Amino acid sequence: MRPAPATRPVAQRRPVSARPAGAVRRPGPAPVAAQARRFPNPRLTGLGSGLFCGAAMLLLGFIDAAVSGSLGLYSVAFLPVCALTALWVREGDLLTAPVVLPNAFALGLLPAADHGGGFGGHLMGLVTALATEAGWLYGGTLLAGVVVLVRRVRLVARRNAARHPGHPGV
């Protein structure tokens, strides 16, 4: 005698195109949101952010020295470098962005500063450029500090929300 065949129900697959009864098709992302996703979103370490802004400012210093010789272009270009450095640094290294920016500013002044006679003249030109462009230096560092502070507050709020779901939070 043979054993009876198993009468276990066989799972049936639903066609891929079929949707559940209550499903609603939502439109795709808004055009602005789709464009925002296309922008680069690198995450630099503390060292990487220092290298990025140092290399950018050094390049800008050479360009400024070749194009105009005055520090106007160099100083104004410092602000986007500050913003990008503060936006691209990793969350774990947020506090490094405002710290490395003044060093990068000074590094870029090496080719852009007024060159006098010899080492002493070059050093005097560098110190003079730092003194006359201090407003731009402080402004860019402050800009990076504000961006970093906003990112840090959002990070802490996200962590608190993840730790305490359902709590209204900050």
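As shown above, the structure is provided for reference.
**Some remarks on the pattern of salt bridges**
Line of reasoning, step 1. Under the definition given, this model contains two salt bridges.
Line of reasoning, step 2. The residue R90 makes a salt bridge to D93 at a minimum N-O spacing of 2.9 Å.
Line of reasoning, step 3. Between E91 and R158 there is a salt bridge, and its shortest N-O distance comes to 2.6 Å. Here the residue E91 occupies a position in the loop between α3 (72-88) and α4 (97-112), and R158 occupies one in helix α6 (residues 134-163), the gap between them amounting to 67 residues.

**Quick look at the packing of α4 against α6**
Line of reasoning, step 1. Contact geometry for α4 and α6: axes closest at 9 Å, N-to-C directions at 160 degrees. In terms of orientation, α4 lies roughly antiparallel with respect to α6. Pair α4 / α6 crosses with right-handed handedness. Seen from α4, the contacting residues are A97, P98, L101, P102 and F105; seen from α6, they are L137, G140, T141, A144, G145 and V148.
Line of reasoning, step 2. Classifying every residue of the contact of α4 with α6 gives eight nonpolar, three polar and no charged.

**Remarks on the packing of aromatic side chains**
Line of reasoning, step 1. Using the criterion set out here, one finds three aromatic pairs in the structure.
Line of reasoning, step 2. Arranged with centres 5.4 Å apart and planes meeting at 50 degrees, the rings of F52 and W88 form a pair that is tilted. Of this pair, F52 sits in helix α2 (residues 46-67) while W88 sits in helix α3; the two residues are 36 residues apart in sequence, bridging distant segments of the chain.
Line of reasoning, step 3. Relative accessible area serves as the criterion here: at 18%, W88 is assigned to the buried category.
Line of reasoning, step 4. Look at F78 and F105: their rings are 4.7 Å apart centre to centre, the planes differ by 70 degrees, and that puts the pair in the edge-to-face class. Placement of F78 in helix α3 and of F105 in helix α4 is noted, with a sequence separation of 27 residues between them. An identical accessibility class is assigned to F78 and F105; each is buried.
Line of reasoning, step 5. Aromatic ring contacts, followed pair by pair, group Y74, F78 and F105 into a single cluster.

**Some details on the environment of D114**
Line of reasoning, step 1. Here D114 is to be found in the loop between α4 and α5 (118-132).
Line of reasoning, step 2. A relative accessible area of 61% means that D114 is categorised as exposed.
Line of reasoning, step 3. As a C-alpha pair, D114 and G69 span 45 residues in sequence and 7.9 Å in three-dimensional space.
Line of reasoning, step 4. When sequence neighbours within four positions are dropped, the list of residues in contact with D114 reads G121, H122 and G125.

**Re the state of the cysteines**
Line of reasoning, step 1. By the definition in use, this model includes zero disulfides.
Line of reasoning, step 2. The closest cysteine sulfur to the non-disulfide-bonded C53 is located on C82, 7.7 Å from its own sulfur.

**Focus: the nonpolar core**
Line of reasoning, step 1. Counting 25 residues, the largest nonpolar core has M57, F78, F105 and L109 as the members making the most contacts within it.
Line of reasoning, step 2. No other element matches α4, which puts seven residues into this core.
Line of reasoning, step 3. Non-local contacts of F105, meaning those with residues more than four positions away in its chain, are made with M57, Y74, S75, F78, L130, E133 and L137.

**Some remarks on a nonpolar patch on the surface**
Line of reasoning, step 1. On the surface, L59, I63, V67 and L73 cluster together into a nonpolar patch covering about 370 Å² of accessible area.
Line of reasoning, step 2. Among the elements that make up the nonpolar patch, the one with the highest residue count is α2 (three residues).
Line of reasoning, step 3. Locating V67 in the fold gives a position in helix α2.

Rules used in this analysis
- Residues numbered from 1 in each chain as written.
- Predicted model: local features only at pLDDT ≥ 70, side-chain atom pairs only at ≥ 80, totals over all residues.
- Heavy atoms only, no water.
- Salt bridge = Lys/Arg side-chain N within 4 Å of Asp/Glu carboxyl O.
- Helix = DSSP H or I, 4+ residues; strand = E, 2+ residues; numbered from the N terminus.
- Axes fitted to C-alpha atoms, helices over the stretch in contact; angles between N-to-C directions.
- Parallel < 35°, antiparallel > 145°, perpendicular 65-115°, else oblique.
- Left-handed = near helix turned anticlockwise from the far one by under 90°.
- Contact = heavy atoms within 4.5 Å.
- Nonpolar A, V, L, I, M, F, W, Y, C, P; charged D, E, K, R; others polar.
- Phe/Tyr/Trp six-rings, centres within 6.5 Å; stacked < 30°, edge-to-face > 60°.
- Buried < 20%, exposed > 50% of the residue type's maximum accessible area, 1.4 Å probe, protein only.
- Disulfide = S-S within 2.5 Å.
- Core = buried A, V, L, I, M, F, W, Y, C linked by side-chain atoms within 4.5 Å.
- Patch = residues over 30% accessible without salt bridge, like charges linked within 9 Å, V, L, I, M, F, W, Y side chains within 5 Å.
- Areas by Shrake-Rupley, 256 points an atom, 1.4 Å probe, with all protein chains shown as cover.

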